[in-house]
Amino acid sequence: MRIGILTSGGDAPGMNAAIRALAVVGKARGHEIVGIRNGYLGVLNKDAGPLAADSIEGITRQGGTVLGSSRCLEMTTPDGQTRALTNLKELGLEGLVVVGGNGSLTGAHVLAAKSESLKVVGIPASIDNDVGHAGLAIGVDTAVNTIVGACDRISDTARAHRRCFIVEVMGRNCGFLAMRAGIAAEADAILYGEGGMIEEEVIARLDRMLRRCFAPGREKKRVLIVKSEGCTIPVARLRERVQELLTTIAPGVDARETVLGHVVRGGDPTALDRTLAQRLSFASIVALEAGLSDVMVGWEPPFGVGRETLDPSVRIIPLEEVLAETARLLDGSSPIIQRRMLLLAQVEEVLPG
Ligand code: F6P
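To keep things clear, this report deals only with the structure shown in the data block. (Residues numbered from 1 in each chain as written. Predicted model: local features only at pLDDT ≥ 70, side-chain atom pairs only at ≥ 80, totals over all residues. Heavy atoms only, no water.)

**Focus on the sheet that holds strand S1 (residues 2-8)**
Here is step 1: As summarised here, the arrangement of the eight strands in space is S3-S2-S1-S4-S5-S10-S12-S11, forming an open sheet in which the pairing is mixed. The sheet is open, and its two borders are formed by strand S3 (48-50) and strand S11 (307-308), each paired with just one other strand.
Here is step 2: The strands that helix H10 (residues 319-331) touches are strand S10 (295-299) and strand S12 (314-318); relative to S12, the one it contacts most, it runs at about 85°. (Pairing = 2+ DSSP bridges. Helix = DSSP H or I, 4+ residues; strand = E, 2+ residues; numbered from the N terminus. Contact = heavy atoms within 4.5 Å. Axes fitted to C-alpha atoms, helices over the stretch in contact; angles between N-to-C directions.)

Okay, here's the thing in structure tokens:
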């Protein structure tokens, strides 16, 4: 087969590992692999070329994506989608592997649905971990480790000055990064958008937490609040409100804020992210060979979801189901979100310590 591969949307550490694995596995199994540059923008500009083995050697350990990425609004329009299909046909592609998050997989679903000849497989890659049935998307583990590392460093300086830090982390509509990293970094509170707490509820929670942290007899040296960007209170405002609380609860303790922003998206992928990328890539090529289309390969999705592959950790799920579950993850109605929030509520009872 002649198979195109592209990386799309917000980049995620491990995308390069996927590019190399797709190229190496594809070639070894007798396929021709074509790299499409800059995601769907490259499809619309017919910007593609062969992936020479030497040009991708050693990229597994690199963050970002050597193919480039884009957020391509034109791909959301019927005109853009028609042009994309025409271009993919003119490029002579029989298969397409899309490595990306929600928007990218939505594009993959549209292309697959509109074409009978082109087989399309998606690989979930997004630090937010907001792709339905993906289990763990490529990039999440690295991002969590980056946040934990940053919080550890911030905790050093916070302890030196007996300060309270608010650390904001990425995660547009999904608090997973804040939750996973916050617990690992010994946060005293974790704030996220799920559940839709209003500002006064958040402040009341922080008030209770700070009173426990600075109760008589305690000599607590640092307070760490990890805030997901999905919790929409601006971080500067939150710091002011926390400072007001501290003035009464722990006079002399200052509050500071740090926004990690795109730092969270960069860096060398962890071994786990490389493994995910390699195994999902292998399964994608095999799925295309089997004539499958309009599907995503997922890493240990929830029990019973999708069909099995040779790899016990990888399952194949129709993109339609993936996107429906993604919508439930984002509007909070997925049982996974409910469970995450329940778990967090239990963790919060023992957090300030
Ligand atoms: O890729 C996901 C993500 O990193 C979100 O966590 C964040 O809100 C968004 O992308 C930022 O996107 P951009 O880099 O386009 O500003």
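So much for the structure itself; the text now carries on.
**Remarks on the side chain of Ser 334**
Here is step 1: You can see Ser 334 is positioned in the loop between H10 and helix H11 (335-350).
Here is step 2: On the basis of relative accessibility, which here comes to 0%, the residue Ser 334 falls in the buried class.
Here is step 3: Dropping the residues within four chain positions of it, Ser 334 is found in contact with Glu 325, Arg 328 and Leu 329. (Buried < 20%, exposed > 50% of the residue type's maximum accessible area, 1.4 Å probe, protein only.)

**Let's talk about the site of the ligand**
Here is step 1: Every residue near the ligand is listed here: Gly 10, Arg 71, Ile 127, Asp 128, Met 170, Gly 171, Arg 172, Glu 229, His 262 and Arg 265.
Here is step 2: Separating an oxygen atom of the ligand from a side-chain N or O atom of Asp 128 is a distance of 2.7 Å.
Here is step 3: Between an oxygen atom of the ligand and a side-chain N or O atom of Glu 229, the distance comes to 2.5 Å.
Here is step 4: For the ligand, the protein covers 78% of the area, taking 400 Å² as the surface of the free molecule.
Here is step 5: For the shell around the ligand, the class distribution of residues is two nonpolar, three polar and five charged.
Here is step 6: Lining the shell around the ligand are residues from two domains, each supplying at least three of them: domain 1 (2-139 + 269-330) and domain 2 (141-266). (Near = heavy atom within 4 Å. Polar contact = N/O pair within 3.5 Å; in protein donor to acceptor, adjacent residues only side chain to side chain. Areas by Shrake-Rupley, 256 points an atom, 1.4 Å probe, with all protein chains shown as cover. Nonpolar A, V, L, I, M, F, W, Y, C, P; charged D, E, K, R; others polar. Domains from an automatic or database assignment.)

**What to know about the packing of helix H7 (residues 199-213) against helix H8 (residues 235-249)**
Here is step 1: Here H7 crosses H8 at 40°, and the two axes come no closer than 10 Å. Between H7 and H8, the interaxial angle falls into the category oblique. Handedness of the H7/H8 crossing: right-handed. The segment H7 lies against H8, with Glu 199, Glu 200, Val 202, Ile 203, Leu 206, Asp 207, Leu 210 and Arg 211 engaging Arg 237, Leu 238, Arg 241, Val 242, Leu 245, Leu 246 and Ile 249.
Here is step 2: Across the contact of H7 with H8, the residue classes break down as nine nonpolar, no polar and six charged. (Parallel < 35°, antiparallel > 145°, perpendicular 65-115°, else oblique. Left-handed = near helix turned anticlockwise from the far one by under 90°.)

**Describing the sheet that holds strand S9 (residues 255-259)**
Here is step 1: If you trace the four strands from one edge of the open sheet to the other, you get S7-S8-S6-S9, paired in parallel fashion. Each of the sheet's edge strands pairs with one partner strand only, and the pair in question is strand S7 (189-191) and S9. Looking at each pair of strands side by side, their axes are set apart by 20° on average, direction ignored.
Here is step 2: Taken strand by strand, helix H5 (residues 140-161) contacts strand S6 (164-169), strand S8 (223-228) and S9, and its axis lies near 160° from that of S6.

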